[in-house]
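Overview (structure and organization)
This is what each chain is made of:
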Amino acid sequence: MADTMRTYLSAKEIAELNRQLGERITADYKKILEPGEEVLVVVTLKGALFFSADLLRHIQIPTRIDFVRLASYGSGTKSSGTVRILKDLETPSVGQHVLVLDEIVDSGRTLDFLLGRIRADRPKSVRLCALLSKPSRREVQVAVDYLGREVEDKFLVGYGLDFNERYRNLADICALETK
Ligand code: IMP
Ligand code: MG
């Protein structure tokens, strides 16, 4: 079995998207944060590992960082409706400005579940930032407040994205064609 890969977004293009997202996020939160307030950044593991590390260094406002790891039951590249928590947040969202970071929104089911849980905790605000979105695959509507780029329905790997846990460490995002 040979995997064919084509560069879809280069490391340079990704860096530019991160810079733009960071600037927008910084400008917006500077308007809404009151003195002494900070943003609780929720990073979705494992995929958003590199995205969050790069983006966060472009965010010039006080932050606190927490991690969550979710999995949806289902086989292969399709996610089912059921989401379970593999690692929960350690910081309560109550009264916080919460900014969720995900590297890609696909069906929207995982984020719908996560955002629902966070909202139930009565945060002061909740926003979502995603590097990529595949709108053609959406099953549940999820509002992406900060989006890097829309992408076609291709299976992508690299920059945190995996295929069976492989390829996460590629610097570029590549389209994977399995033969
Ligand atoms: P959703 O619940 O279907 O939106 O799934 C979201 C998660 O599935 C993403 O955060 C990724 O971890 C994973 N995912 C979605 N599309 C891709 C892809 O093209 N390559 C690798 N992982 C993906
Ligand atoms: Mg993810």
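Refer to the structure above for everything that follows.
My aim in this report is to walk through the structure given alongside it, one point at a time. (Residues numbered from 1 in each chain as written. Chains lettered and ligands numbered in written order. Predicted model: local features only at pLDDT ≥ 70, side-chain atom pairs only at ≥ 80, totals over all residues. Heavy atoms only, no water.)

**Some thoughts on the site of ligand 1**
For clarity, the cut-off: Proximity is defined per residue: if any heavy atom of the residue lies within 4 Å of a molecule or strand, that residue is considered near it. Nitrogen and oxygen atoms within 3.5 Å of one another constitute a polar contact, given that in protein one can donate a hydrogen and the other can accept it, and given that sequence-neighbouring residues count only through two side-chain atoms. Each accessible area is a Shrake-Rupley result for a 1.4 Å probe, and residues are judged covered by the shown protein chains and nothing else. In DSSP terms, a helix is any run of H or I states spanning at least four residues, a strand is any run of E spanning at least two, and both are numbered starting from the N terminus. Each residue gets one of three labels, nonpolar for Ala, Val, Leu, Ile, Met, Phe, Trp, Tyr, Cys and Pro, charged for Asp, Glu, Lys and Arg, and polar for the others, Gly among them.
Close to ligand 1 lie 15 residues, the nearest being Ser107, Gly108, Thr110, Lys134 and Leu156. Gly108 is positioned such that a nitrogen or oxygen atom in its backbone is 2.8 Å from an oxygen atom of ligand 1. Relative to its unbound accessible area of 490 Å², ligand 1 is 84% covered by the protein chains. Put simply, the parts of the chain that give the shell around ligand 1 at least two residues each are strand 5 (97-105) and helix 3 (109-120). A total of three residues in the shell around ligand 1 trace back to one element, the largest contributor, which is strand 5. Here the shell around ligand 1 is composed, by residue class, of four nonpolar, four polar and seven charged.

**Examining helix 2 (residues 49-56)**
Since one α-helical turn is 3.6 residues long, residues separated by three or four positions face the same way. As a reminder of what qualifies: Exposure is judged per residue with a 1.4 Å probe applied to protein chains only, and the accessible area is read against the type maximum: over 50% gives exposed, under 20% gives buried, and values in between give partly exposed. To obtain the arc, one takes the directions from the helix axis to the C-beta atoms. When checking whether two residues touch, look at their non-hydrogen atoms; a contact exists if any pair is within 4.5 Å.
Phe51, Ser52, Leu55 and Leu56 are the residues of helix 2 that are buried. The buried residues of helix 2 occupy an angular sector of 110 degrees when projected down its axis, which confines them to one face. Along its buried surface, helix 2 packs onto helix 1 (11-32), strand 2 (39-45), strand 3 (63-72), strand 5 and strand 6 (125-133).

**Some thoughts on the sheet that holds strand 3**
Each strand in a sheet pairs with its neighbour through backbone hydrogen bonds, running either in the same direction (parallel) or in the opposite one (antiparallel). Just so we agree on the cut-off: Two strands pair if DSSP finds at least two bridges between them. For helices, the axis comes from a line fit to the C-alpha atoms of the stretch in contact; other axes are also lines fit to C-alpha atoms, and the angle between any two N-to-C directions lies between 0 and 180 degrees.
Taking strand neighbours across the sheet as the criterion, the six strands line up as 4-3-2-5-6-7 in an open arrangement whose pairing is mixed. Strands at the two margins of the open sheet, each flanked by one partner only, are strand 4 (83-87) and strand 7 (146-150). Neighbouring strand axes in the sheet, compared pairwise and without regard to direction, differ in orientation by 30 degrees on average. Across the sheet, helix 2 lies against strand 2, strand 3, strand 5 and strand 6, angled at about 130 degrees from strand 5, the strand it touches most. Packing of helix 3 onto the sheet brings it into contact with strand 2, strand 3, strand 4, strand 5 and strand 6, and relative to strand 5 it is tilted by some 170 degrees.

**Here we look at the pattern of salt bridges**
Applicable threshold: We define a salt bridge as a contact between a side-chain nitrogen of Lys or Arg and a carboxyl oxygen of Asp or Glu at a distance within 4 Å.
Taken as a whole and assessed by the stated rule, the structure comprises 17 salt bridges. Linking Glu23 and Arg19 is a salt bridge whose minimum nitrogen-to-oxygen distance equals 2.7 Å. One end of the pair, Glu23, and the other, Arg19, are both in helix 1, four residues apart, so they sit about a helical turn from each other. Owing to a relative accessible area of 32%, Arg19 belongs among the partly exposed residues under this scheme. The residue Asp106 makes a salt bridge to Lys134 at a minimum N-O spacing of 3.7 Å. Here Asp106, found in the loop between strand 5 and helix 3, pairs with Lys134, found in the loop between strand 6 and strand 7; they are 28 residues apart in sequence, far enough to count as distant. This pair shows no difference in class: Asp106 is buried, exactly as Lys134 is. One continuous salt-bridge network, built from bridges that share partners, spans Lys46, Asp162, Glu165 and Arg168.

**Here we look at the coordination of the magnesium ion (ligand 2)**
Going by this rule: Counted as donors are the N, O and S atoms within 2.8 Å of the metal, or 3.2 Å for Na, K and Ca, while water is not among the atoms, so some sites may look incomplete.
The magnesium ion (ligand 2) binds to the protein through Asp102 (OD), Glu103 (OE) and Glu103 (OE); the donor distances cover 2.4 to 2.7 Å. Assessed through its relative accessible area of 9%, Asp102 is described here as buried.

**Concerning unusual backbone geometry**
Cis rather than trans, the peptide bond between Leu45 and Lys46 has omega equal to -5 degrees. Tracing the backbone through its elements, the reader meets Lys46 in the loop between strand 2 and helix 2. Backbone geometry places Asn164, a non-glycine residue, at a positive phi of 50 degrees. Position of Asn164 among the secondary structure elements: in the loop between strand 8 (156-157) and strand 9 (173-178). Relative accessible area serves as the criterion here: at 64%, Asn164 is assigned to the exposed category. For Glu165, which is not glycine, the phi dihedral falls at a positive 75 degrees. Position of Glu165 relative to the elements: it lies in the loop between strand 8 and strand 9. Glu165 gets classed as partly exposed once you look at its relative accessible area, which sits at 41%.

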